[in-house]
Amino acid sequence: MPAGFADTMAVGGLLAPRAFEFVPDGRILIIERGSPTSTDINFGSVRVFKNGALLPTYALTLNICGDGERGLLGIATDPNFASNGYVYLYYTRQSPSGAACAYNTFINNQPGPRNRVSRFSMSGDVIDPASERVLIDNIATDSGIHNAGDIHFGADGYLYVSVGDSNIQPSPAQNLSSLNGKVLRILPSPGAAGGY
């Protein structure tokens with residue numbers, strides 16, 4: 001360790017934390033597996049670290065597919081978070097029909113779990129699940145691996161979303177009709193068309 005630095009644990013007691021995001025007021029939003037009552041991998045939660053402690057009340061819990069490399073994978077706050085409270089999440093949503101967390105559904109043309117980017121509204125230390133606005137959906141996650149999911153706002157105001165290739169062969173990275181194997185860019189802005 002470099003001179004002048006110390007290794008100190010900031011927070012413990014989390015279940016497989018995946019990512020975190022600093023909020024302008026000093027809070028830290030942390031995403032992890034599980035829920036307030038379960039360690040089941042098919043739940044993903046947002047926790048709040050505030051004033052030096054992990055709050056016991058969860059900010060948000062989602063039903064997800066958390067097997068393999070799937071799950072609640074990325075979190076970002078809007079550049080104007082202080083005024084709009086927007087939180088963006090990248091996660092693996094469950095299938096609307098059939099097996100909730102099946103594999104190879106893309107290959108077999110069946111509905112299945114897909115990765116998604118959504119915007120939520122946060123008020124105080126709670127994120128309203130009913131506020132979800134789906135921005136990108138139907139990103140293939142058929143093998144359960146190579147999902148990526150890191151999301152960040154750039155200095156240019158765009159939201160950048162890393163999307164894995166889902167181990168699809170041949171690789172979809174060069175296929176412009178596929179969302180997989182790319183870095184996607186979204187420009188949030190107000191407007192009647194939804195702003196994206």
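Scroll up for the structure.
## Section: the packing of aromatic side chains
- Scanning the entire structure with this criterion turns up three aromatic pairs.
- Here Phe 20 and Phe 22 contribute two aromatic rings whose centre-to-centre distance is 5.6 Å and whose plane-to-plane angle is 85°, an arrangement assigned as edge-to-face.
- Pairing Tyr 88 with Phe 153 gives two aromatic rings, centres 5.3 Å apart and planes at 70°, and the pair type is edge-to-face. Note that Tyr 88 is positioned in strand β7 (residues 86-93) and Phe 153 in strand β10 (residues 148-153), a separation of 65 residues in sequence.

## Focus: the pattern of salt bridges
- On inspection of all chains with the given rule, the structure shows nine salt bridges.
- Two residues, Arg 93 and Asp 137, come together in a salt bridge whose shortest N-O distance is 2.9 Å. Here the residue Arg 93 occupies a position in strand β7, and Asp 137 occupies one in strand β9 (residues 126-140), the gap between them amounting to 44 residues.
- The class of Arg 93 is buried, set by a relative accessible area of 10%.
- Under the relative-accessibility criterion, Asp 137 is labelled partly exposed at 22%.
- Arg 116 is the partner of Glu 132 in a salt bridge, and the nearest nitrogen-oxygen pair spans 3.6 Å. Residue Glu 132 is located in strand β9, and its partner Arg 116 is located in strand β8 (residues 114-123); the two are separated by 16 residues in the primary sequence.
- When its relative accessible area of 27% is taken as the criterion, Glu 132 is described as partly exposed.

## Observations regarding the environment of Tyr 158
- The topology assignment puts Tyr 158 in the loop between β10 and β11 (159-163).
- When the C-alpha atoms of Tyr 158 and Pro 79 are compared, they prove to be 9.5 Å apart, with 79 residues separating the residues in sequence.
- In this structure Tyr 158 touches His 152, Phe 153, Arg 185, Ile 186 and Leu 187, once residues within four positions along its chain are discounted.

## What about the sheet that holds strand β12 (residues 182-186)?
- One open sheet accounts for three strands, arranged β10-β11-β12; its pairing is antiparallel. Whereas interior strands pair on both sides, the edge strands pair on one side only; in this sheet they are β10 and β12. Between one strand axis and the next, the sheet turns by 20° as a mean value, whatever way the strands run.
- Across five bridges, β11 lies against β12 in antiparallel orientation. Bridging across to β12, Tyr 160 finds its partner in Arg 185.

## Looking at the sheet that holds β9
- Ordered in space as β6-β7-β8-β9, the four strands form an open sheet in which the pairing is antiparallel. Each having just a single partner strand, β6 (72-77) and β9 make up the two edges of the open sheet. Strand-to-strand, the axes of this sheet are offset by a mean angle of 20°, without reference to chain direction.

## Let's talk about the environment of Gly 13
- With respect to the helices and strands, the residue Gly 13 is situated in the segment before β1 (19-22).
- In sequence terms Gly 13 and Ile 145 are 132 residues apart; their C-alpha atoms lie 26 Å from each other.

## Remarks on unusual backbone geometry
- The linkage connecting Gln 169 with the following residue, Pro 170, adopts the cis geometry, with an omega of -5°.
- Position of Pro 170 among the secondary structure elements: in the loop between β11 and β12.
- The phi dihedral of Ala 16 falls on the positive side, at around 50°, and the residue is not glycine.
- Mapped onto the elements, Ala 16 comes out in the segment before β1.
- With relative accessibility at 35%, the residue Ala 16 sits in the partly exposed group.
- Positive phi values are uncommon outside glycine, yet Asn 167 reaches one of about 60°.
- Topologically, Asn 167 is positioned in the loop between β11 and β12.

Thresholds applied
Counting restarts for each chain: residues are numbered from 1 in the order of the written sequence. pLDDT decides what is reported in this predicted model: residues at 70 or higher carry local features, side-chain atom pairs at 80 or more are listed and counted, and totals for whole chains, interfaces and linings draw on all residues regardless. Side-chain calculation: all heavy atoms of the structure are included, whereas hydrogens and water are not. Any two rings among Phe, Tyr and Trp, with Trp reduced to its six-membered ring, count as a pair given centres within 6.5 Å; such a pair is stacked if its planes are under 30 degrees apart, edge-to-face if over 60, and tilted if neither. For helices the rule is a DSSP run of H or I covering at least 4 residues; for strands it is a run of E covering at least 2, with both sets numbered from the N terminus onward. In the sections that follow, a salt bridge refers to a side-chain nitrogen of Lys or Arg positioned within 4 Å of a carboxyl oxygen of Asp or Glu. To sort residues, take the accessible area from a 1.4 Å probe on protein chains only and compare it with the maximum for the residue type: under 20% means buried, over 50% means exposed, and anything in between is partly exposed. Note on definitions: a residue-residue contact is assigned when non-hydrogen atoms from the two residues lie within 4.5 Å. At least two DSSP bridges between two strands are needed for those strands to be called paired. To get an axis, fit a line to the C-alpha atoms, keeping to the stretch in contact for a helix; angles then go from 0 to 180 degrees between the N-to-C directions.

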